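# Analysis of the macromolecular model
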Amino acid sequence: MRKFSETELLLELEPVVAGELDRHHKMAKEWFPHEYVPWSEGRNYDGLFEGDAWDESDTKIPEEARISLIVNLLTEDNLPSYHHEIATTLGRDAAWGTWVHRWTAEEGRHGTAIRDYLTVTRAVDPVALERARMVHMGEGFTNSYEGVLASVAYVSFQELATRISHRNTGKASLDPNCERLLARIAADENLHMLFYRNLLNAAFQLAPDQTMRAVTDVVTTFQMPGTGIEGFTRKAMTIANAGIYDLRLHMDDVLQPVLRQWDVFNLKDLGPEGEKAREELSEFLDRLETTASRFVERREARRARQAANA
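Residues numbered from 1 in each chain as written. Predicted model: local features only at pLDDT ≥ 70, side-chain atom pairs only at ≥ 80, totals over all residues. Heavy atoms only, no water.

### Some words on unusual backbone geometry
Across the chain, the bulk of peptide bonds are trans and the bulk of non-glycine residues have phi less than zero. The line we're drawing: Each helix is a run of H or I in the DSSP string that is no shorter than four residues. Each strand is a run of E no shorter than two, and both are numbered from the N terminus. Buried, partly exposed and exposed residues are distinguished by accessible area as a fraction of the type maximum, computed with a 1.4 Å probe on protein chains only: under 20%, between the cut-offs, and over 50%, respectively.
Positive phi, close to 50°, is recorded for Ala94, a residue that is not glycine. Inspection of the secondary structure assignment puts Ala94 in helix H4 (residues 94-121). Given a relative accessible area of 52%, Ala94 falls into the exposed group. The phi torsion at Asp263 lies on the positive side, around 55°, for a residue other than glycine. Among the secondary structure elements, Asp263 is positioned in the loop between helix H10 (247-262) and helix H11 (272-309). For Asp263, a relative accessible area of 36% translates into the label partly exposed.

This is how it looks when you write it as structure tokens:
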């Protein structure tokens, strides 16, 4: 079975990118971050203007939702690094370049909107948030995967994971304004997922063995782009225990739906290398299913104990 070079993949898939870009333009809805921020709730902080320093009593949002909001925002803040990585991999020419810049522009408003919302509503400590931003952006972001196929496979899953995280964070905030904003952002993320998912589906038809290997490599090593955030492991555990984003959701709402769309376990034209990669993927998913189920069982048992002791 023929193996395509990176240049050949970019050239062969460029018409698909152009078609998906047209579809995206037709489906995307124009929106403005400032319309989702309750500006009338704002008041001065201490500093250059007379005001009050942030206090824990200022926030109305539960702690687990605040942590998730901070993680989501810091992740969005790293956009310059993401743009560099995706532009380096996909290029700036023709439809590929047009998409890279469109994606960057749409992603840019997410961080703007969330930061404005959190600052105006005093949902989080703005000083701690800014310090965390400086640390996280100072680390940057490096794509863990080489090549077009693995990079597109990664964002196919990552965009959907981000959509779900935003939606569930909004619900956990118990704030209708916050939920409305994050639902709007999640709608962007969903369109981005569709773009990448459809593009990789075309790659399966073009280079099935190479694409299957890329998908398997990504699924078995997947990490969210915010992994480098200071204290991420502790924050991720809090988020998982709250049911905002956990292994069960990752398995049922991210991996399985995308893999079903690609119909990976029914593909008929795989060669030996593709079959080997698909077998590895199946074995990994079996292990992940066991791990996800055990996590949920332990979480429910812990909640039952806490309820009994309340």
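### Points about the packing of helix H3 (residues 79-90) against H4
Convention followed: The angle between two axes is taken between their N-to-C directions and runs from 0 to 180 degrees, where each axis is a line fitted to C-alpha atoms and a helix contributes only its stretch in contact. An angle counts as roughly parallel when it lies under 35 degrees, as roughly antiparallel when it exceeds 145, as roughly perpendicular when it falls between 65 and 115, and as oblique in every other case. With the far helix as reference, a near helix turned anticlockwise by less than a right angle produces a left-handed crossing, and one turned clockwise produces a right-handed crossing. Between two residues, a contact is recorded if the distance between any of their heavy atoms is within 4.5 Å. Three categories are distinguished: nonpolar for Ala, Val, Leu, Ile, Met, Phe, Trp, Tyr, Cys and Pro, charged for Asp, Glu, Lys and Arg, and polar for the others, with Gly belonging to the last.
Running from amino to carboxyl end, H3 crosses H4 at an angle of 170°, the nearest separation of the two axes being 10 Å. It follows that H3 is roughly antiparallel to H4 by the angle criterion. The crossing of H3 and H4 is right-handed. In this structure, H3 uses Leu79, Tyr82, His83, Ile86, Ala87 and Leu90 to contact H4, whose residues at the interface are Trp96, Val100, His101, Trp103, Thr104, Glu107 and Gly108. When its residues are assigned to classes, the contact of H3 with H4 shows 8 nonpolar, 4 polar and 1 charged.

### Digging into the environment of Glu289
Along the chain, Glu289 falls in helix H11. Not counting residues up to four positions away in its chain, the partners in contact with Glu289 are Arg248 and Met251.

### Structural notes on the nonpolar core
Rule in force here: For our purposes a nonpolar core is just a set of buried Ala, Val, Leu, Ile, Met, Phe, Trp, Tyr and Cys residues, chained together by side-chain atoms within 4.5 Å.
Within the largest apolar cluster, 83 residues are counted, with the highest numbers of intra-cluster contacts made by Phe157, Leu200, Val215 and Trp262. In terms of residues, this core owes the most to one element, helix H7 (residues 176-206), which gives 14 residues. Beyond its immediate stretch of four places on either side in the chain, Trp262 contacts Ser156, Phe157, Arg197, Leu200, Asn201, Phe204, Val215 and Leu267.

### Some remarks on the pattern of salt bridges
Basically, it comes down to this: Here, a salt bridge means any side-chain nitrogen of Lys or Arg that lies within 4 Å of a carboxyl oxygen of Asp or Glu.
Counted by the stated rule, this structure contains 20 salt bridges. Linking Asp77 and Arg115 is a salt bridge whose minimum nitrogen-to-oxygen distance equals 2.5 Å. In this pair, Asp77 sits in helix H2 (residues 63-77) while Arg115 sits in helix H4, placing the two residues 38 residues apart along the sequence. Taking the relative accessible area as the measure of exposure, Asp77 reaches 13% and is therefore buried.

### Thoughts on the packing of aromatic side chains
How we decide: Ring pairs are drawn from Phe, Tyr and Trp, using the six-membered ring of Trp, whenever the two centres fall within 6.5 Å, and their geometry is named by plane angle: stacked under 30 degrees, edge-to-face over 60, tilted for the rest. Look at NZ for Lys and CZ for Arg. If either is within 6 Å of the ring centre and within 35 degrees of the ring normal, a charge sits over the ring.
Taken as a whole and assessed by the stated rule, the structure comprises 9 aromatic pairs. When the centroid spacing of 5.4 Å and the interplanar angle of 85° are considered together, the rings of Trp31 and Tyr36 count as edge-to-face. For Trp31, a relative accessible area of 5% corresponds to the buried category. Ring centres of Tyr145 and Tyr154 lie 5.6 Å apart, and the angle between their planes is 35°; this geometry places the pair in the tilted category. The exposure class assigned to Tyr145 is buried, which follows from its relative accessible area of 12%. The exposure class assigned to Tyr154 is buried, which follows from its relative accessible area of 8%. Seen from the ring of Tyr45, Arg122 lies directly overhead, with NZ or CZ sitting 4.1 Å from the centre.

### Section: the side chain of Glu107
Our working definition: Counting rule applied: Lys, Arg positive; Asp, Glu negative; His and chain ends not counted.
Within the secondary structure, Glu107 sits in helix H4. Despite being buried, Glu107 has no salt bridge partner; Arg109 is the closest side chain of opposite charge, sitting 8.6 Å away. Ignoring anything within four residues of it in the chain, the contact list for Glu107 reads Glu76, Leu79, Glu159, Glu189 and His192.

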